[in-house]
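Listed here are the chains, written in short residue letters.
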Amino acid sequence: MADQSAQPECVVEELIAKTPKKVFRVVATDLDGTFLGENPRGSSDPNMPTEENREVFHDLVQKGVHVAMISGRSYFTTSMMMDHCGLDQYVISCHGATIYGPKGDAETRPLAKSWPLTPELRTAAAEVAESAGALLMLYTTTAILSCGRADQNLTFLNDQGEPSGEWWARVGEFPVPVDGHPVFEALPPRFKDLVRSSPLTPRSAHFESAEDLLAYVDANPSEEIFKALVVAEPARIASTLEVARERIPSQTGNVMGPFNSWIEIIHPDVNKAVAVRWLCDAVGTTMDHAITLGDGLNDLEMLREAGLGVAMANAVAEAKMAAQIVSQYANHESAVAKELKRLAKAGFLPR
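My aim in this report is to walk through the structure given alongside it, one point at a time. (Residues numbered from 1 in each chain as written. Predicted model: local features only at pLDDT ≥ 70, side-chain atom pairs only at ≥ 80, totals over all residues. Heavy atoms only, no water.)

**Brief notes about the overall build of the chain**
Okay, step 1: Along the chain, the regular secondary structure elements total 15 helices and 16 strands.
Okay, step 2: The buried share among the 351 residues of the chain stands at 56%.
Okay, step 3: As displayed, the chain offers around 13900 Å² of accessible surface, 51% of which is attributable to carbon and sulfur atoms. (Helix = DSSP H or I, 4+ residues; strand = E, 2+ residues; numbered from the N terminus. Buried < 20%, exposed > 50% of the residue type's maximum accessible area, 1.4 Å probe, protein only. Areas by Shrake-Rupley, 256 points an atom, 1.4 Å probe, with all protein chains shown as cover.)

The following block contains the structure:
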């Protein structure tokens, strides 16, 4: 069990020395706060991989290691990061609810396994959002469908002092149509420019009511929903989480959060560890031969259950406690690459 602070290099080396020797065959990394850190031009950008991380992943693939990117993001924006790295490996999105790959790109990568929300869980998520006066976002493979007070819930200031909607603008998951939609047109100019400059998920649609949204989903069964996201005023997010957990018991839905000003809901039988275990089975190995890397609360299960879990220096305390190794480096310092190189040098990855 790792200490909650970043471990000095000498301590990490001691932990590696004590770990039974094996060659790991799967490496699965979280994106935001872990694999992503800066863009190739060197300027700070939390939504792009570092060049060092890209190079290490290319090297691992060439040596026969199966790599995966696993995120709470939508399939499309997760897949864009794999495509940016020029790799055709597994893409796991919506906290593990969809597994795509390994061949292809964002447009052609096949769906290998999924855990969609049941109609009952979709309805429960809508009821939670409505009771909180919140914005509801439902994620399909290629679209984000929303209803509720988008104009209000996208402009609340989060704990970084920025409008909560800027997060989805930066990652390309803005929940309302761009240009012409009244919610979009009411946004501040800088906010609109940010949305326009982002590589957006192919389609978004905003509905007048939860009834209209759910009716659309019911009438289009091919558009399966893999994640529900409820965005509320930051001061109300804790109470919204409490309502969600009362309305959605653990056997019917996995309620996660709070993440700043929102909570997320996925199928009850899935988390990132479940997805990584499925991937290991698909490539002919076991969870004991997987390395997972992460920083957040949604990474706890995979950090704890993998053969080796590695937390970033910037990880939350719970992630550091779940991991076997805590890097002394943060995500923007290419911690993923540095720790994987260290493990390769020690013989835990092909050299």
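**Brief notes about unusual backbone geometry**
Okay, step 1: Here G101 and P102 are connected by a cis peptide whose omega angle stands at 10°.
Okay, step 2: Tracing the chain through its elements places P102 in the loop between β6 (98-100) and β7 (111-114).
Okay, step 3: Look at the link from G257 to P258: it is a cis peptide, with omega at 0°.
Okay, step 4: Position of P258 relative to the elements: it lies in strand β12 (residues 254-259).
Okay, step 5: You will see that C94, though not glycine, has its phi angle at about 50°, which is positive.
Okay, step 6: Here C94 lies in the loop between β5 (90-93) and β6.
Okay, step 7: Unlike most non-glycine residues, S334 shows phi in positive territory, near 60°.
Okay, step 8: Looking at the element boundaries, S334 is found in the loop between β16 (325-326) and α15 (335-345).
Okay, step 9: What makes S334 buried here is its relative accessible area of 5%.

**Topic: helix α5 (residues 119-131)**
Okay, step 1: Over its 13 residues, α5 extends 19 Å from the first C-alpha to the last, a length consistent with the 18 Å expected when each residue adds 1.5 Å.
Okay, step 2: Every buried residue of α5 is listed here: L121, R122, A124, A125, A126, V128 and A129.
Okay, step 3: Contacts made by the buried residues of α5 are with β8 (135-139), α10 (210-219), β11 (227-231), α11 (237-247) and β13 (262-266).
Okay, step 4: Phi turns positive one or two residues past the end of α5, at G133, with a value near 60°. (Expected span 1.5 Å × (residues − 1). Contact = heavy atoms within 4.5 Å.)

**As for the pairing of β8**
Okay, step 1: When you tally the buried positions in β8, you get five out of five residues, the bulk of the element.
Okay, step 2: In β8, alternate side chains face the same way, and those of L135, M137 and Y139 on one face and L136 and L138 on the other are all buried.
Okay, step 3: Note: β8 against β11, five bridges, orientation antiparallel. Considered in β11, the bridge of Y139 is made with K227.
Okay, step 4: Pairing of β8 with strand β9 (residues 143-147) involves four bridges; the strand directions are antiparallel. (Pairing = 2+ DSSP bridges.)

**Considering the pattern of salt bridges**
Okay, step 1: For the structure shown, the criterion picks out 14 salt bridges.
Okay, step 2: Notably, a salt bridge pairs E52 with K341, separated by 2.9 Å at the nearest N-O pair. In this pair, E52 is assigned in helix α3 (residues 51-62) and K341 in helix α15, connecting sequence segments 289 residues apart.
Okay, step 3: The exposure class of K341 is partly exposed, given its relative accessible area of 43%.
Okay, step 4: Across the salt bridge formed by K227 and E264, the nearest N and O atoms sit 3.0 Å from each other. (Salt bridge = Lys/Arg side-chain N within 4 Å of Asp/Glu carboxyl O.)

**Considering the packing of α3 against α15**
Okay, step 1: Relative orientation of the contacting elements α3 and α15 amounts to 40°, with a least axis distance of 7 Å. Of the possible angle classes, the one that applies to α3 and α15 is oblique. Both α3 and α15 take part in a crossing whose hand is left-handed. Counting all contacts with α3, which are made through E52, N53, V56, F57 and L60, the residues of α15 involved are V336, A337, K338, L340 and K341. (Axes fitted to C-alpha atoms, helices over the stretch in contact; angles between N-to-C directions. Parallel < 35°, antiparallel > 145°, perpendicular 65-115°, else oblique. Left-handed = near helix turned anticlockwise from the far one by under 90°.)

**A short note on the environment of R73**
Okay, step 1: Along the polypeptide, R73 turns up in the loop between β4 (66-70) and α4 (75-84).
Okay, step 2: Between the C-alpha atoms of R73 and G172, which are 99 residues apart in sequence, the distance is 9.5 Å.
Okay, step 3: Apart from residues lying up to four places away in sequence, R73 is in contact with L31, D32, L36, N47, T78, M81, S93, C94, V171 and E173.
Okay, step 4: Separated by 2.8 Å, the side chains of R73 and D32 make a polar contact. (Polar contact = N/O pair within 3.5 Å; in protein donor to acceptor, adjacent residues only side chain to side chain.)

**Topic: the packing of α5 against α11**
Okay, step 1: Look at α5 against α11: their axes get within 10 Å of each other, and the N-to-C directions meet at 150°. The two elements α5 and α11 cross, and the hand of that crossing is right-handed. Touching A124, E127, V128 and S131 of α5 are T240, V243, A244 and R247, all from α11.

**Thoughts on the pairing of strand β10 (residues 203-207)**
Okay, step 1: The buried count for β10 comes to four of five residues, which makes it a mostly enclosed element.
Okay, step 2: Two elements, β9 and β10, share five bridges in a ladder whose sense is parallel. Bridge pairing in β10 places A143 opposite R203.

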